[in-house]
Amino acid sequence: MLYNIARPVLFSLDAETAHEFTLASLSLAGRIFPRGKPAPSEPVEVMGLSFPNRIGLAAGLDKNGEAIDGLALMGFGFIEIGTVTPRPQPGNPRPRMFRLPEVRGIINRMGFNNHGVDVLVANVKAARFKGILGINIGKNFDTPMEDAASDYLACLDKVYPYASYVTVNISSPNTKNLRQLQGESELDDLLGKLKAAQTRLADAHGRYVPLTLKIAPDLEPEQVINIADALRRHRIDGVIATNTTIARDKVQGVRYGEQQGGLSGAPVFEASTGVVRQLKQALGGELPIIAAGGVLDGRGARAKLDAGADLVQLYSGLIYRGPTLVGECVRATA
Ligand SMILES: Cc1cc2nc3c(=O)[nH]c(=O)nc-3n(C[C@H](O)[C@H](O)[C@H](O)COP(=O)(O)O)c2cc1C
């Protein structure tokens, strides 16, 4: 209700300014009311964790974990923060975030702007949130691709004690060549190293923290099959489908449609859901699937489960629909 009033004001601002204002407001709200509760539902067991409902926040909205307690007020069953990189980095020059309201889409080329993993960890420690927290990790833009694994391993080491699960993001279109890590030999190498580190860390900390891999919607069917095989082979715990798309067929002639970056929201729904369906077929229920991409209402969330997902994440839908979207999706997937 309140969002109906706030939205025209936010939409009158540049997209990133509106984003910063919203995050600062959430951070403040979280300090005043630090005890957010998940929207009620039947809990589900996924990756050995008990999720109070199936609806989570997707990565990228709170890259540094600055507003965890405020976001918890929205009723999510889980919250994913990041993408974080080992060292702080400014990301791409502004403007780098664009609303496409005619199609309920967003294009962003943020480029992993974040304060670095140490700041994120400090923020997580300061938060009072006790729910399921995913931490999404990436590589610095200036780390050579052949050293990418060392960035992921450095982040994994630092976030491991504070995460409920850790997401390995190899699918942002805004870090040069990052998506190459989805290739067969690159992925095999990366997942092998991450699995070994996870085993070592589980031993050291006396707690097993699941690993998920976040993939792109722009994959050929045989690439999805190869990824599914690699996930199984390396005993990765889950997969997130999907990140934003580089395709522009759904936004031809739309204002900002030609901007560079990753497209999210309604225009990516079909492609993302298609990847969920392919993964379900390739994995046959062996590995849980977390769906993200274009969920704008309860029906969209339900459609992700029907395609084979176990959990659903939201980002762009929140910009168009506000916090009521969370409860609506929880009810549709209960
Ligand atoms: C402005 C913006 C920034 C994002 N940043 C990240 C990020 O840092 N890491 C990541 O894994 N995904 C990021 N994403 C992708 C979302 O997590 C999600 O996978 C994608 O937007 C599809 O879901 P949606 O259509 O509900 O937005 C970002 C999306 C947007 C719109």
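**Observations regarding unusual backbone geometry**
Here is step 1 of the chain: Residue T83 is reached from G82 by a cis peptide bond, and omega for that bond is 10°.
Here is step 2 of the chain: Relative to the helices and strands, T83 resides in strand β4 (residues 78–84).
Here is step 3 of the chain: Each neighbour pair has its own omega, and for A241 with T242 the value is 15°, a cis peptide bond.
Here is step 4 of the chain: You can see T242 is positioned in the loop between β10 (238–241) and β11 (262–265).
Here is step 5 of the chain: Positive phi outside glycine occurs at Y256, with the angle close to 75°.
Here is step 6 of the chain: Structurally, Y256 is set in the loop between β10 and β11.

**Some points on the packing of helix α6 (residues 184–205) against helix α7 (residues 221–233)**
Relative orientation and spacing of two packed helices are given, respectively, by the angle between their axes and the distance between those axes.
Here is step 1 of the chain: α7 packs onto α6 with a crossing angle of 20° between their chain directions and a minimal axis gap of 10 Å. Considering the angle they form, α6 stands roughly parallel to α7. Regarding α6 and α7, the two cross each other, and that crossing is right-handed. Here α6 contributes E184, L187, D188 and L191 to the contact with α7, which in turn contributes N226, I227, A230, L231 and R233.
Here is step 2 of the chain: For the contact of α6 with α7, the per-class residue count stands at five nonpolar, one polar and three charged.

**Overview of the sheet that holds strand β6 (residues 105–108)**
Here is step 1 of the chain: Across the sheet, three strands lie side by side as β5-β6-β11; this open sheet has antiparallel pairing. Edge positions in the sheet fall to β5 (97–100) and β11, since each has one partner strand and no second. Geometrically, the sheet is characterised by an average inter-axis angle of 20° between neighbouring strands, direction not taken into account.

**Details of a positive patch on the surface**
Here is step 1 of the chain: On the surface, a cluster of positive charge is made up of R35, K37, R128 and K130.
Here is step 2 of the chain: Mapped onto the elements, R35 comes out in the loop between α2 (15–32) and β1 (44–46).

**Considerations on the side chain of K304**
Here is step 1 of the chain: The topology assignment puts K304 in helix α9 (residues 298–307).
Here is step 2 of the chain: The buried charged residue K304 lacks any salt bridge, with D297 as its nearest oppositely charged partner at 10 Å.
Here is step 3 of the chain: Contacts of K304, omitting those with residues within four sequence positions, involve F269, S272, T273, V276, A291, A292, G293, V295, A309 and V312.

**Quick notes on the packing of aromatic side chains**
Any pair of aromatic rings gets described here by the distance separating the centres and the angle formed by the planes.
Here is step 1 of the chain: With the rule as written, the count across this model stands at four aromatic pairs.
Here is step 2 of the chain: On the basis of an interplanar angle of 75° and a centroid distance of 5.6 Å, the ring pair of F11 and Y320 is categorised as edge-to-face. Here F11, found in helix α1 (residues 2–12), pairs with Y320, found in helix α10 (residues 316–321); they are 309 residues apart in sequence, far enough to count as distant.
Here is step 3 of the chain: Look at Y320 and you get buried, because its relative accessible area is 5%.
Here is step 4 of the chain: Taken together through their ring pairs, the aromatic side chains of F51, F78 and Y165 make up a single cluster.
Here is step 5 of the chain: In this arrangement the basic side chain of R7 is found over the ring face of F11, its NZ or CZ atom lying 4.3 Å from the centre.
Here is step 6 of the chain: Seen from the ring of F11, R99 lies directly overhead, with NZ or CZ sitting 4.5 Å from the centre.

About the criteria used
- Residues numbered from 1 in each chain as written.
- Predicted model: local features only at pLDDT ≥ 70, side-chain atom pairs only at ≥ 80, totals over all residues.
- Heavy atoms only, no water.
- Helix = DSSP H or I, 4+ residues; strand = E, 2+ residues; numbered from the N terminus.
- Axes fitted to C-alpha atoms, helices over the stretch in contact; angles between N-to-C directions.
- Parallel < 35°, antiparallel > 145°, perpendicular 65-115°, else oblique.
- Left-handed = near helix turned anticlockwise from the far one by under 90°.
- Contact = heavy atoms within 4.5 Å.
- Nonpolar A, V, L, I, M, F, W, Y, C, P; charged D, E, K, R; others polar.
- Pairing = 2+ DSSP bridges.
- Patch = residues over 30% accessible without salt bridge, like charges linked within 9 Å, V, L, I, M, F, W, Y side chains within 5 Å.
- Areas by Shrake-Rupley, 256 points an atom, 1.4 Å probe, with all protein chains shown as cover.
- Salt bridge = Lys/Arg side-chain N within 4 Å of Asp/Glu carboxyl O.
- Lys, Arg positive; Asp, Glu negative; His and termini not counted.
- Charge placed at Lys NZ, Arg CZ, Asp CG, Glu CD.
- Buried < 20%, exposed > 50% of the residue type's maximum accessible area, 1.4 Å probe, protein only.
- Phe/Tyr/Trp six-rings, centres within 6.5 Å; stacked < 30°, edge-to-face > 60°.
- Lys NZ or Arg CZ within 6 Å of the ring centre and 35° of its normal.

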